[in-house]
Amino acid sequence: MSEPHANSPAPGGAPCLSVIMPVHNEADFLEEILRRVAAQPVVGEIIVVDDASSDGSSELVERLIESELPQIRLIRQSPNQGKGSAVRRGFEHVSHEYVVIQDADLEYWPEDYPVLLEPMQAGRADVVFGDRFHKGRPEHMRPLYFAANRFLSWVFNTRNRTNVLDMETCYKAFRSKYLPYVTSTENRFCFDPELAAELIRLGARVANVPITYRARTREEGKKIGWKDGVAQLIVILKGPPGRKLLPE
C-alpha cells in the first residue's frame, strides 16, 4: 500500500465524522477499506449500506462487527437500487457533526479525512470536495473518462455559479446539519451532481482539497460508464440554478 500524498496531515482529533459506505459486491476489498476507515481517529461511526450484494459482503461486515469493529452499523437494502439510494439510506442514520461518502473499492484513501475536515473545522467551508485531478490525469484513468469528468465539472460550475474542481468525486464531506434539507431523488450515479447542487443551493460554502486517488479499471470492477455520464449531464442541465438558503 502506498503512502498518502505529502499534503495529508497526521491523523488526529476527536471522533466527529460519520462515514457512509454504499456497498454492492465489494467483498474482495471490503475488509481492508473498513479497517483503514476505522483506524482514523476522527471517525465516530461507519454506516455500511449493502445494496443487495450477492458475494457475501454483508456476512463479512457482520463478522467484523462481532470480532473487532463495533463502530460499524450494517444496513441491508433489497432489491438493488443503486449508489444514490444506498447513500440516502445511510444519511438517515448519521449522528455526527460531519459526514463523508466513502466508496468500498480502494480508489479513495481514508487517510485523507483530516484534509477534508480541516476547511470546515477552521470555519472556512460547509462542504469540501476532494480533488482527484490536482496533478492532472490519475494513473490508470482513461483519457476519455478524464475528459468527461473535466467537462461535467465545467458545465456544473457554469450552471451553479460555483468553483468545484471535481464535481464527480466520491469524497464529498459536509456538515450534517444540511441533511434534513437535502431532497435528492436520483438512485444511480446521477446522485453525485444532484447532491452537489443541493448543497450549493442551500448556501453551503465550498472548498476544494487535493486527495490521494487510484483509479481502478473495468477489469477490476469499475461500474460507471458513458451512459451514466450522459445521464449526469442531463441532471445538471435540468437542475434549477440559484439558491434556497438553509433556514435559520
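Above this text you will find the structure in question.
Figured I'd write up the structure that's included with this text.

How each quantity is defined
- Residues numbered from 1 in each chain as written.
- Predicted model: local features only at pLDDT ≥ 70, side-chain atom pairs only at ≥ 80, totals over all residues.
- Heavy atoms only, no water.
- Core = buried A, V, L, I, M, F, W, Y, C linked by side-chain atoms within 4.5 Å.
- Buried < 20%, exposed > 50% of the residue type's maximum accessible area, 1.4 Å probe, protein only.
- Helix = DSSP H or I, 4+ residues; strand = E, 2+ residues; numbered from the N terminus.
- Contact = heavy atoms within 4.5 Å.
- Phe/Tyr/Trp six-rings, centres within 6.5 Å; stacked < 30°, edge-to-face > 60°.
- Lys NZ or Arg CZ within 6 Å of the ring centre and 35° of its normal.
- Salt bridge = Lys/Arg side-chain N within 4 Å of Asp/Glu carboxyl O.

**Some details on the nonpolar core**
Now for step 1: One finds Leu34, Phe91 and Tyr113 to be the most contacted residues of the largest nonpolar core, which totals 72 residues.
Now for step 2: Among the elements that line this core, the one with the most residues is helix 6 (residues 191-201), at six residues.
Now for step 3: Apart from residues lying up to four places away in sequence, Leu34 is in contact with Met21, Ile46, Val48, Val61, Leu64, Leu69 and Ile72.

**Quick word on the environment of Glu168**
Now for step 1: By the secondary structure assignment, Glu168 is in the loop between helix 5 (143-160) and strand 6 (172-175).
Now for step 2: On the basis of relative accessibility, which here comes to 9%, the residue Glu168 falls in the buried class.

**Side note on the packing of aromatic side chains**
Now for step 1: Scanning all chains against the criterion turns up seven aromatic pairs.
Now for step 2: Aromatic side chains Phe133 and Phe146 sit 5.2 Å apart centroid to centroid with 80° between the ring planes, which places their arrangement in the edge-to-face category. Of this pair, Phe133 sits in the loop between strand 5 (127-131) and helix 5 while Phe146 sits in helix 5, and the two are 13 residues apart along the sequence.
Now for step 3: Judged by its relative accessible area of 8%, Phe133 is buried.
Now for step 4: Members of the aromatic cluster, connected to one another through ring pairs, are Tyr108, Tyr113, Tyr171 and Tyr213.
Now for step 5: Its guanidinium or amino end placed over the ring of Trp109, Arg36 lies 4.7 Å from that ring's centre, counting from NZ or CZ.

**Some points on the pattern of salt bridges**
Note on pairing: side chains with opposite charge can pair once their charged atoms come close.
Now for step 1: The full count for this structure, using the stated rule, is 13 salt bridges.
Now for step 2: Taking the shortest distance from any N to any O, the salt bridge between Glu32 and Arg36 comes out at 3.6 Å. Note that Glu32 and Arg36 are positioned in helix 1 (residues 27-38) at a spacing of four residues, about one turn of the helix.
Now for step 3: Taking the relative accessible area as the measure of exposure, Glu32 reaches 37% and is therefore partly exposed.
Now for step 4: Linking Asp126 and Arg175 is a salt bridge whose minimum nitrogen-to-oxygen distance equals 2.9 Å. One end of the pair, Asp126, is in the loop between helix 4 (113-121) and strand 5; the other, Arg175, is in strand 6, and 49 residues separate them in sequence.
Now for step 5: Of the residues examined, Asp126 reaches a relative accessible area of 5% and is grouped as buried.
Now for step 6: Relative accessible area serves as the criterion here: at 13%, Arg175 is assigned to the buried category.
Now for step 7: Taken together, the shared-partner salt bridges connect Glu97, Asp126, Arg175 and Arg205 into one network.

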